[in-house]
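One letter stands for each residue in the lines below.
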Amino acid sequence: MGTEGAGLAVREFPVQGLDCADCAQLLEKAVCKIKGVAGAQADFIKSSLRVEYAPEQVQPGEIIQAIEGAGYGVLAEASTMTFVVEGMDCADEEKLIRKGLGDLAGIEEMDFFVVSGTLRVRYKPALVDTGAIIRAIGRAGFTAKVQRLELAVPSWKGRRQIILLGLCGLLAGLGFGLSEAGFGHYIVDSIYVLAIIIGGFSTARKALAAARNLTPDMNLLMTVAVIGAAAIDQWTEAVAVVFLFSLANILESYSLERTRRAIRSLLELSPQEATVKREEIETIVPVEEVRLGEMIVIYPSAKIPLDGEVLEGSSTVNQAPITGESMPVKKGPKDTVFAGSINQRGSLAVRVTHLAGDTTLARIIHMVEEAQAQKAPSQGFVERFARYYTPAVIAAAALVMAIPPLLLGQPFNPWFYRSLVLLVISCPCALVISTPVAIVSGLAGAARSGIIIKGGVHLENAGAIRVIAFDKTGTLTRGEPVVTQVVPLSGRTAGEVLGIAAAVESRSEHHLAQAILNRAEQEGVGFAKQVEEFEAIPGKGVRARLNGETFYVGSHQLFADLELCREDLCVRAEALENESQTVVVVGSSQGPMGLIVIEDALRPEAPEAVNRLRRAGIKKLVMLTGDNPGAARAVADRLGLDSYFAGLMPADKVGVIRGLLEEGNRVAMVGDGVNDAPALATATLGIAMGAAGSDAAIEAADIALMSDDLNKLPVAIRLSRQARRIIKTNIVLAIAAKAIFLALGAVGLATLWMAVFADMGVSLIVILNGLRLYRAAR
């Protein structure tokens with residue numbers, strides 16, 4: 001795949017066999033030597049190499065040759081790319097472009113969508129890149145650009161390696177058996193040589209490339225160890241090293257592929273086709289061809305292909321792939337649905353609101369991919385350690401080989417063998433891979449649970465949080481006022497009070513009016529439609545005439561001003577307001593007729609989430625709000641929070657966060673990601689609630705909880721702490737194994753095959769340990 005900028009093209013090559021940091025460094029150096037290559041960045045987690053190059057100086061084929069010369073393969077698997085073609089309006093123009101692209105090697109399939117002016121091409125990245133495709137379209141007289149970049153992530157291709165490993169093992173076993181049976185060493189050694197060639201050819205190729213680039217990696221060290229062992233007639237050791245190293249490489253590749261599948265599984269959530277209704281005819285088309293505003297039809301049990309708004313129908317939708325919600329959500333007209341979620345029972349007609357490359361799922365995938373590039377603090381430590389460790393151990397191996405024979409008169413072969421053991425132990429593969437595998441698994445697992453973590457640094461920081469500050473409205477509470485109680489007075493019924501209030505408020509645009517109307521609808525209370533002389537009284541309420549009589553709906557202060565409020569009524573209203581409730585008085589010119597109590601209710605899961613955070617070791621929970629102190633105190637008391645800060649503007653919230661930080665705390669701020677953006681940015685960790693469908697919330701936070709479920713917060717904290725434990729365990733295990741075998745090797749108690757196990761075996765262990773995080777978030 002590739003894109004082009006000013007004078008430079010950028011292309012990503014899928015590389016086979018790129019499984020460690022040393023391999024990545026070697027490959028980068030090899031490719032950067034080519035004239036015309038401006039830069040190369042290898043990613044062993046994705047098993048790819050990103051190259052910036054000048055097309056007029058170097059072609060992709062030359063880069064591929066350099067990759068293969070370094071001992072790696074470039075996968076020729078097909079990738080799919082969609083292009084927007086300006087001016088393609090009819091079938092004749094389609095034929096012209098098809099003929100122009102037909103001359104390019106590597107083009108497998110072309111699908112033209114004249115209605116949307118797009119072209120989907122299936123091609124082999126190893127033979128042709130998107131730049132060449134765009135230029136070929138240009139030669140046909142059209143202008144094209146990439147509509148959506150789809151990464152072609154290679155799958156694990158190990159059949160050839162497994163066959164060679166099997167042959168190596170059979171020959172090694174045959175040689176050992178013949179040796180035990182008393183056959184001559186010439187026959188046995190010849191079989192061992194053949195086994196070493198078959199099993200170690202791939203390693204030797206990479207070793208040669210490493211030597212040419214003066215970059216000692218595991219392949220070079222293993223090759224030197226095998227040649228050295230053979231030179232001192234340790235053929236059994238040599239063939240054992242080759243077999244074990246090849247086996248470990250295959251297992252490591254498979255384990256890393258499981259990590260890569262964790263990321264690719266996100267791509268599989270959204271279907272590639274949609275059923276579009278055009279001119280009353282339903283047509284199945286690729287999602288890239290669907291235009292904004294078009295109507296798509298989603299049948300029962302089908303995945304939703306694009307974000308949109310429900311126009312017709314009702315159903316329940318499983319949004320777990322996007323938001324992590326465990327229970328299906330009811331959907332009806334005007335509700336939002338997300339690509340990748342699953343429709344369950346009814347059929348839905350949905351108006352498309354986001355194109356394929358801009359859905360919530362697409363943004364999640366993009367963020368997870370970007371997050372992989374951000375190095376966690378522990379990863380920086382590991383890389384600094386490895387930078388000095390390997391040269392130091394190689395130097396020690398040279399001293400072990402030279403000093404005893406030259407200065408102490410010791411026999412050469414035993415000390416040479418010990419130096420070979422140290423060479424094998426000097427590679428820090430297990431240490432270097434210990435952190436990124438855990439980080440990627442954690443990020444992907446969290447994303448599948450509706451928790452978007454924007455990088456390893458935030459994954460680690462969440463585990464160190466000791467203080468959490470919550471915004472109140474929309475975070476601890478629903479953010480939607482609801483009527484909780486209707487209190488009739490003066491002989492009226494609750495239905496009469498609610499009906500009069502609904503009739504008067506039907507003309508109002510105030511958010512409390514909607515709460516009253518919703519309650520009337522829920523209870524089936526009818527109300528008069530003929531409202532006359534409606535008037536809003538700023539800051540106090542509204543007035544209107546119904547059937548010739550004047551009614552008032554508003555605060556108790558409004559009725560006090562009208563001299564219609566009794567003292568006991570005012571005391572009762574003030575007491576309710578101090579409990580985080582809003583009191584609306586309903587009455588006429590004759591006096592109050594009833595009270596309507598409205599509350600921004602707590603989220604039902606809030607108490608449980610607070611308790612789980614306490615159990616997770618959070619020391620202090622505080623609330624920040626712009627509400628009055630009485631309302632803030634009531635919410636804080638009900639949830640058992642440690643403290644609250646009321647009457648705050650956005651800038652005041654920043655000041656509170658800074659004060660908590662100055663006390664030496666690591667502070668997380670939880671808010672809606674929009675109004676709380678300054679406080680989110682100031683805190684050690686910014687966490688946005690209910691980010692699904694909200695670009696602003698996703699952008700503002702370090703961690704975005706896609707649903708409005710507060711219980712996702714302790715899940716994120718727990719995942720982070722487990723990630724920190726696993727990373728520390730991996731690092732300690734890798735360093736301890738190196739230290740132990742370095743000591744054993746120095747005193748002659750370690751063998752070459754033991755050294756191979758010490759490195760490659762521990763590498764497998766840390767990879768599998770890191771993969772636990774993928775399931776930990778679910």
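The rules behind each value
Each residue is numbered by its place in its chain's sequence as written, counting from 1. Note on the predicted model: pLDDT of at least 70 is required for a residue's local features to be given, and 80 or more for side-chain atom pairs to be given and counted; whole-chain, interface and lining totals, by contrast, use all residues. The side-chain numbers reported here are obtained from all heavy atoms of the structure, hydrogens and water having been left aside. Runs of H or I in DSSP of at least four residues are treated as helices and runs of E of at least two as strands, each being numbered from the N terminus. A 1.4 Å probe rolled over the protein chains alone gives each residue an accessible area, and that area as a share of the maximum for its type sets the label: buried under 20%, exposed over 50%, partly exposed in between. Any two residues whose heavy atoms approach within 4.5 Å at even a single point are treated as in contact. Note on areas: Shrake-Rupley, 1.4 Å probe, and residue coverage restricted to the protein chains presented here. We define a salt bridge as a side-chain nitrogen of Lys or Arg found within 4 Å of a carboxyl oxygen belonging to Asp or Glu. DSSP-based pairing: two strands are paired if at least 2 bridges between them are found. Like charges within 9 Å and nonpolar side chains (Val, Leu, Ile, Met, Phe, Trp, Tyr) within 5 Å are joined into patches, using only residues over 30% in relative accessible area that form no salt bridge. Lines are fitted to the C-alpha atoms to define the axes, a helix being fitted only along its stretch in contact, and any angle between axes, read from their N-to-C directions, falls within 0 to 180 degrees. Helix span, as expected, comes to 1.5 Å for every residue beyond the first. Oblique is the label for any angle not under 35 degrees, not over 145, and not in the 65 to 115 range, which are roughly parallel, roughly antiparallel and roughly perpendicular in turn. Two helices cross in a left-handed way if the nearer one is turned anticlockwise from the farther one by less than a right angle. They cross in a right-handed way if the turn is clockwise. Classes in brief: Ala, Val, Leu, Ile, Met, Phe, Trp, Tyr, Cys and Pro nonpolar; Asp, Glu, Lys and Arg charged; the others, Gly included, polar. Every residue is assigned a pLDDT by the predictor, reflecting its confidence on a scale from 0 to 100. The arc refers to the directions leading from the helix axis to the C-beta atoms. Two aromatic rings from Phe, Tyr or Trp, using only the six-membered ring of Trp, form a pair when their centres are within 6.5 Å; if the ring planes differ by under 30 degrees the pair is stacked, by over 60 it is edge-to-face, and anything between is tilted. To sit over a ring, a charge needs its Lys NZ or Arg CZ within 6 Å of the ring centre and within 35 degrees of the ring normal. As used in this record, nonpolar core signifies buried Ala, Val, Leu, Ile, Met, Phe, Trp, Tyr and Cys residues forming a set joined through side-chain atoms within 4.5 Å.

## Focus on the overall build of the protein chain
Looking only at helices and strands, the protein chain has 26 helices and 31 strands in total. Per-residue burial over the protein chain gives 54% buried out of 778 residues. Pairs at least 24 apart in sequence give 68% of the contacts found in the protein chain among residues at least 6 apart. A total accessible area of about 33,600 Å² is found for the protein chain, and carbon and sulfur atoms account for 55% of it.

## Some remarks on the pattern of salt bridges
What the rule picks out here adds up to 14 salt bridges. Among the ionic pairs, R291 bridges to E294, the shortest N-O distance being 3.1 Å. Notably, a salt bridge pairs R638 with E599, separated by 2.8 Å at the nearest N-O pair. Of this pair, R638 sits in helix α21 (residues 629-639) while E599 sits in strand β26 (residues 591-599); the two residues are 39 residues apart in sequence, bridging distant segments of the chain. Members of the salt-bridge network, linked through shared partners, are R278, E289, R291 and E294.

## Looking at the pairing of strand β2 (residues 9-16)
Within β2, 7 of the 8 residues are buried, leaving the element largely enclosed by the surrounding structure. Bridge count between β2 and strand β5 (residues 73-74): 2 bridges; the pairing is antiparallel. By the bridge assignment for β5, Q16 is matched with G73.

## Thoughts on a nonpolar patch on the surface
Nonpolar side chains collect at one region of the surface, where L399, I403, L406, L407 and L408 lie side by side and expose about 570 Å² of accessible area between them. In this structure, L408 sits in the loop between α11 (377-407) and α12 (412-425). Taking relative accessible area as the criterion, L408 reaches 59% and is therefore assigned exposed.

## Let's talk about unusual backbone geometry
Positive phi, close to 80°, is recorded for K334, a residue that is not glycine. Backbone geometry at N547 places phi at a positive 50°, although glycine is not the residue there. Here N547 falls in the exposed class, since its relative accessible area comes to 74%.

## Description of the pairing of strand β12 (residues 295-298)
Covered by surrounding structure in β12 are M295 and V297 together with I296 and I298, the residues of both alternating faces. Sheet topology places β12 next to strand β18 (residues 348-352); 4 bridges connect them, and they run antiparallel. Across the sheet, the residue bridging to I296 is V350, located in β18.

## Examining the sheet that holds strand β24 (residues 549-554)
On the basis of which strands lie adjacent, the open sheet formed by 6 strands has the order β21-β26-β25-β24-β23-β22 and antiparallel pairing. Where the open sheet ends on each side, the last strands, each with one partner, are β21 (482-488) and β22 (532-537). The average angle at which neighbouring strand axes cross in this sheet is 20°, direction not considered. One ladder, built from 7 bridges, connects strand β25 (residues 582-588) with β26; its direction is antiparallel. The residue of β26 that forms the bridge with V586 is G594.

## Focus on the environment of I468
Topologically, I468 is positioned in strand β20 (residues 467-471). Considering only alpha carbons, one finds I468 and N665, 197 residues apart in sequence, at a separation of 9.7 Å. Those residues in contact with I468 that lie beyond four places of it in its chain are L613, I618, K620, L621, V622, A668, V670 and L713.

## Considerations on α12
End to end, α12 covers 20 Å across 14 residues, agreeing with the expected 20 Å (1.5 Å per residue, within 8%). Across the 14 residues of α12, 10 count as buried, placing the element largely inside the fold. Burial in α12 covers these residues: W415, F416, Y417, S419, L420, V421, L422, L423, V424 and I425.

## Considering the packing of helix α20 (residues 606-615) against helix α25 (residues 712-746)
Contact geometry for α20 and α25: axes closest at 8 Å, N-to-C directions at 20°. Classed by the angle they form, the pair α20 and α25 counts as roughly parallel. Considering only the axes of α20 and α25, their crossing is left-handed. Contacts from A609, R612 and L613 of α20 reach α25 at L713, P714, V715 and I717. For the contact of α20 with α25, the per-class residue count stands at 6 nonpolar, no polar and 1 charged.

## Re the sheet that holds strand β14 (residues 315-318)
Pairing in this open sheet of 3 strands is antiparallel, and the strands run β15-β14-β17 from one edge to the other. Both edges of this open sheet fall to β15 (329-331) and β17 (342-343), since each of them pairs with a single strand only. In this sheet, β17 lies alongside β14 in antiparallel orientation, the contact comprising 2 bridges. Residue pairing across strands places V317 opposite N343, the latter belonging to β17.

## Observations regarding the confidence of the model for the protein chain
Low pLDDT means the predicted atomic positions in that stretch should not be read closely. Model confidence for the protein chain is summarised by a mean pLDDT of 81, while 87% of its residues fall at 70 or above. Confidence, expressed as mean pLDDT per element, reaches its minimum in the protein chain at strand β1 (residues 2-4) with 47 and its maximum at strand β27 (residues 620-624) with 94. Note that residues 1-5 has pLDDT below 50 and, in this model, 19 contacts with residues that lie over four places away or in other chains. Within the model, pLDDT remains below 50 along residues 148-157, and this stretch shows 40 contacts once partners closer than five positions in the same chain are excluded.

## Focus on helix α22 (residues 650-662)
Owing to its 3.6 residues per turn, the α-helix brings residues three or four apart onto one side. With 13 residues, α22 extends 19 Å from end C-alpha to end C-alpha; this agrees with the ideal 18 Å at 1.5 Å per step. For α22, every residue scored as buried is listed here: K653, V654, V656, I657 and L660. Projected down its long axis, α22 shows its buried positions confined to an angular sector of 160°, all on one face. Exposed residues lying more than 90 degrees from the buried face of α22 are A651 and E662. Packed against the buried residues of α22 are β20, β27, β28 (643-645), β29 (667-671) and α23 (677-682). Trailing α22 by a residue or two, G664 shows a phi angle of about 90°, which is positive.

## Remarks on the packing of aromatic side chains
Summed over all chains, the structure comprises 2 aromatic pairs. Here the aromatic rings of F412 and F416 are separated by 5.2 Å at their centres, their planes lie at 20°, and the arrangement is stacked. In this pair, F412 and F416 both sit in helix α12, 4 residues apart, roughly one turn of the helix. A cation over an aromatic ring shows up here: R418 above the ring of W415, its NZ or CZ 4.1 Å from the ring centre.

## Let's talk about the nonpolar core
Within soluble globular proteins, side chains that are nonpolar generally end up buried alongside one another. Within the largest apolar cluster, 129 residues are counted, with the highest numbers of intra-cluster contacts made by V31, I63, I67 and I468. The leading source of residues in this core is α25, at 12 residues. Once residues within four sequence positions are removed from consideration, I67 is found in contact with F13, V15, L27, V31, L49, Y72 and V74. Counting residues in hydrophobic clusters, the runner-up holds 26 residues, among them V486, I516, A520 and V586.

## Observations regarding the packing of helix α13 (residues 429-448) against α25
Packing of α13 against α25 leaves a shortest axis separation of 8 Å and a crossing angle of 165°. The pairing of α13 with α25 is recorded here as roughly antiparallel in orientation. Judged by the sense of rotation from one axis to the other, the crossing of α13 with α25 is right-handed. Between α13, through A430, L431, S434, T435, A438, I439, G442 and A446, and α25, the contact on the second element is made entirely by L719, I726, I727, N730, I731, A734 and I735. Tallied by class, residues from the contact of α13 with α25 come to 11 nonpolar, 4 polar and no charged.

## Observations regarding the environment of R50
With respect to the helices and strands, R50 occurs in strand β4 (residues 48-53). On a C-alpha basis, the gap between R50 and F13 in space is 6.4 Å, while along the polypeptide they are 37 residues apart. The contacts of R50, once residues within four sequence positions are left out, are V10, R11, E12, G39, A40 and Q41.

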